[in-house]
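# A structural walkthrough
Residue strings, one per chain:
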Amino acid sequence: MKSKRFLTSLITVLLIVSFALAGCSSSGKSSSGGEDDGGDVPQELTYASTTKAVGLSPIETNDSVSSRVIEQIYETLFVRDPETMEIVPKLAKSYENPDPKTWVIKLKEGIKFHDGTDFNAEAVKYTFDKFRDPDTAAPRASLLEPIESIEVKDEYTVVIKTKEPYGPMLAALSHTNASIVSPAADKKGKLNQEPVGTGPFKFVEWAVGDHITLEANKEYWQDPPKLQKVTFKVVPEVNTAVSMLQTGEVQLIDGLTAEHLPRLKSIESVEIMKKEGTPVSYLGFNMSKAPTNELPFRQAVAHAINREAYVKKLSGLGVQSNSIIGPKVFGYDESVEKLGYEYDPEKAKQILKENGYEGATVKMLVANTPTYTKMAEIVQAQLKEVGLDAQIEMMEWGTFLDVSKKGNFDITFLGWTNSTADGSELLYPNLHSDNIGASNRTQYSNPEFDTLVNESRVIVDQEKRKQKLVEANKIAVKDAPWVVMSHGIVTAAYDKSVKGLKMDPTGQWSLYNVHRE
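Let me sum up the structure you'll find in this document. Given the structure is predicted, the values throughout are model-derived calculations rather than measurements. (Residues numbered from 1 in each chain as written. Predicted model: local features only at pLDDT ≥ 70, side-chain atom pairs only at ≥ 80, totals over all residues. Heavy atoms only, no water.)

### A word on the packing of helix α14 (residues 447–458) against helix α15 (residues 462–479)
The following threshold applies: Fitted lines through C-alpha atoms give the axes, limited to the stretch in contact for helices. The angle between two N-to-C directions lies from 0 to 180 degrees. By definition, any uninterrupted DSSP run of H or I lasting at least four residues is a helix, any uninterrupted run of E lasting at least two residues is a strand, and each is numbered from the N terminus. Working definition: roughly parallel below 35 degrees, roughly antiparallel above 145 degrees, roughly perpendicular at 65 to 115 degrees, and oblique for all remaining angles. Helix crossings get a hand from a simple test, with the near helix turned counterclockwise from the far one by less than a right angle marking a left-handed crossing and a clockwise turn marking a right-handed one. Here a residue-residue contact requires only that any non-hydrogen atoms of the pair lie within 4.5 Å. Nonpolar residues are Ala, Val, Leu, Ile, Met, Phe, Trp, Tyr, Cys and Pro. Charged residues are Asp, Glu, Lys and Arg, and all others, Gly as well, are polar.
Remark: α14 packs on α15, axes separated minimally by 8 Å, with the N-to-C direction vectors making an angle of 160°. Judged by the inter-axis angle, α14 sits roughly antiparallel to α15. With respect to the hand of their crossing, α14 and α15 are arranged in left-handed fashion. Together, Glu448, Phe449, Leu452, Val453, Glu455 and Ser456 of α14 and Arg465, Lys468, Leu469, Glu471, Ala472, Ile475 and Ala476 of α15 make up the contact between the two elements. Tallied by class, residues from the contact of α14 with α15 come to 7 nonpolar, 1 polar and 5 charged.

Written as structure tokens, this is what we have:
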């Protein structure tokens, strides 16, 4: 009896030890018996932005801050593959061109907007008709300006007819601003504050100036996203955003600046992503008033700016170029580089003296973002060296967009992310006279330039399109409505727990395939 009790006790002890050892195992198995997939890490992500979104309707906005949110909520008919840069269907199923001015687009079926209404041909027609309506005054209406009509052939087929053949059509339809909206939601008049799309994330709340919260769309037409909650947090100071990334309060920041790069590299818990991209940053002249509408003045300013020194200060986060169309954008040609105005302060002084500009005062309108602030301060100092008094007027991003659109400046600093990576969709919205008072903030107008850009848009042959863009680019570089400060390197810094993040050369990113471990 005694030996039997001893044996029972021994078995009990061995079982306890066995369970204890199993619990301490470092084999990578979770307590549920599956592989350790980081299940203890909340599937939530916070992105820090130094400026607030302007609005959440793709029809009514045209700024990169708003687009970051819009890209998670809405979807386009086509998208550009971030690896190949080829345009492929998204909400579209297929397309065909029975003739150069007709696009028949078949849509995917069974997709619903976040409000439960159907995505179909009527929704596409509604979105594009609203986008093109002059009464809407959509900031990026130029994307679809070549369209003459949109017809609903059947529930899942739309027929788009253009006035002339439109070479960049698929690029335009892949742009964030061409995202398809819920007609039912838009008719309520609150889409800019309460967005409704077909995307992987749904809108939850917007505390203006503080944060925007999204949640996973569990009824998404593809597999649901792994992230359950996404927060876009406004953090005005970059140093604060970096600190929050270091402490884990935020998990993603982008648009990194050179001054913060060393600190970010020193944080063991942070990964850094860099890729040569399509964005361009520039100094723009007001072409509707003197002296900035006079070529000698613009030439003097261009010669006064040491852009090579500026790019060096970016610590590898920029590419120097005289060309308005950048190396990663369709339409770039290296020959244009020879046409710009190189740094020559003595020549700048000579031009200013010969034309009576010495001592002139110029108003520089500047958005209060780190990039534009630094750009303005460097240019201000360099213009002072050649005898120009450049006065900085700084304002919040949303206000800046309104003021610059009205032309209340002499010089300003802006950028263009070029989400289509197509030269036509850089030159047409920004420098074509059709868009003065809208996206052409410098109010540049040159009939020869306009003609070439128009031709680049109505030709379907891509090689012929490129030649038109090269010639138009040459004219604009010589006229100097812009002085290109740099072409961008798209960047992001994120917590090492973030997996699956991809960024394409346009700087766009989607959180659909992202999860945390």
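### Some details on the pairing of strand β12 (residues 270–285)
The two faces of a sheet get side chains in turn, since along a regular strand they alternate between them. Basically, it comes down to this: Paired strands, in this sense, are two strands between which DSSP finds at least two bridges.
Sheet analysis places β12 next to strand β17 (residues 482–495), joined by 12 bridges and oriented antiparallel. By the bridge assignment for β17, Lys274 is matched with Thr491. Bridge analysis of β12 against strand β16 (residues 411–416) gives 6 bridges, and the strand direction is antiparallel. Opposite Ser281, over in β16, you have Gly415 as the bridge partner.

### A look at the pattern of salt bridges
As a reminder, the rule being used: The rule for a salt bridge is simple: a side-chain nitrogen of Lys or Arg has to be within 4 Å of a carboxyl oxygen of Asp or Glu. Here the term buried applies to any residue with accessible area under 20% of the maximum for its type, exposed to any over 50%, and partly exposed to those in between, with areas from a 1.4 Å probe on protein chains only.
Inspection of the entire model under this criterion finds 18 salt bridges. Among the salt bridges present, the one from Arg68 reaches Asp254, with a minimum N-O distance of 2.8 Å. In this pair, Arg68 is assigned in helix α2 (residues 64–73) and Asp254 in strand β11 (residues 252–254), connecting sequence segments 186 residues apart. What makes Arg68 buried here is its relative accessible area of 14%. Via salt bridges that share partners, Arg140, Glu145, Lys163, Glu425 and Arg457 belong to a single interconnected network.

### Quick notes on the environment of His487
We apply this condition: We call two N or O atoms a polar contact when they sit within 3.5 Å, provided that within protein one can donate a hydrogen and the other can accept it, with sequence-adjacent residues counted only if both atoms are side-chain atoms.
Among the structural elements, His487 can be located in strand β17. C-alpha of His487 to C-alpha of Ile59: the two residues are 428 residues apart in sequence and 27 Å apart in space. A distance of 2.7 Å separates the side chain of His487 from the backbone oxygen of Ser323, its partner in a polar contact.

### Looking at helix α8 (residues 295–304)
Counting buried positions along α8 gives 8 out of 10 residues, so the element sits mostly inside the fold. Those residues of α8 not exposed but buried are Phe297, Arg298, Gln299, Ala300, Val301, Ala302, His303 and Ala304. Of the surrounding secondary structure, the elements contacted by the buried residues of α8 are β12, α10 (345–354), β14 (361–367), α11 (370–385), α15 and β17.

### Topic: the pairing of strand β10 (residues 229–234)
As defined by bridge partners, strand β1 (residues 44–49) adjoins β10 across 6 bridges and the pair is classed as parallel. When the bridges of β10 are listed, Ser49 appears paired with Val234. Where strand β9 (residues 211–216) and β10 come together, 5 bridges link them in antiparallel fashion. Bridge pairing links Glu215 to Lys229 in β10.

### Regarding unusual backbone geometry
The amide bond that connects Ala290 to the next residue, Pro291, takes the cis arrangement and shows omega of 0°. With respect to the helices, strands and loops of the structure, Pro291 is situated in the loop between β12 and α8. Here Ser315, not a glycine, exhibits a phi torsion of approximately 55°, which is positive. You can see Ser315 is positioned in the loop between α9 (307–313) and β13 (318–319). Even without being glycine, Ala421 reaches a positive phi, approximately 55°. Structurally, the position occupied by Ala421 is in the loop between β16 and α13 (424–431). Exposure remark for Ala421: the relative accessible area of 5% places this residue in the buried category.

### Quick notes on the environment of Glu145
Summarising the element assignment, Glu145 is placed in the loop between α3 (121–132) and β6 (147–154). Each C-alpha atom, one on Glu145 and one on Phe131, is 9.4 Å from the other, the two residues being 14 residues apart in sequence. Setting aside its immediate chain neighbours within four residues, Glu145 contacts Lys163, Tyr428 and Arg457.

### A look at the layout of surface pockets
What counts is decided by this rule: As defined here, a cavity is a set of points on a 1 Å grid over the protein atoms alone where a 1.4 Å probe fits but cannot get out. A pocket is an open set with protein on both sides within 12 Å along at least five of seven lines, and residues line them when an atom is within 4 Å of a point. Grid points are joined across faces, edges and corners, and a volume is the space filled by probe spheres set on the points.
In this model, the largest pocket occupies a volume close to 790 Å³. What lines the largest pocket is a set of 27 residues, among which Val79, Arg80, Pro82, Lys90 and Ser510 lie closest to the centre. Class assignment of the residues belonging to the lining of the largest pocket gives a composition of 9 nonpolar, 10 polar and 8 charged. The calculated volume of the second largest pocket comes to roughly 400 Å³. For the second largest pocket, the lining is made up of 19 residues, of which Arg80, Ile87, Ala171, Asp422 and Gln462 are closest to its centre. Of all the secondary structure elements, the ones that give two or more residues to the lining of the second largest pocket are β4 (92–99), α4 (169–173) and α15.

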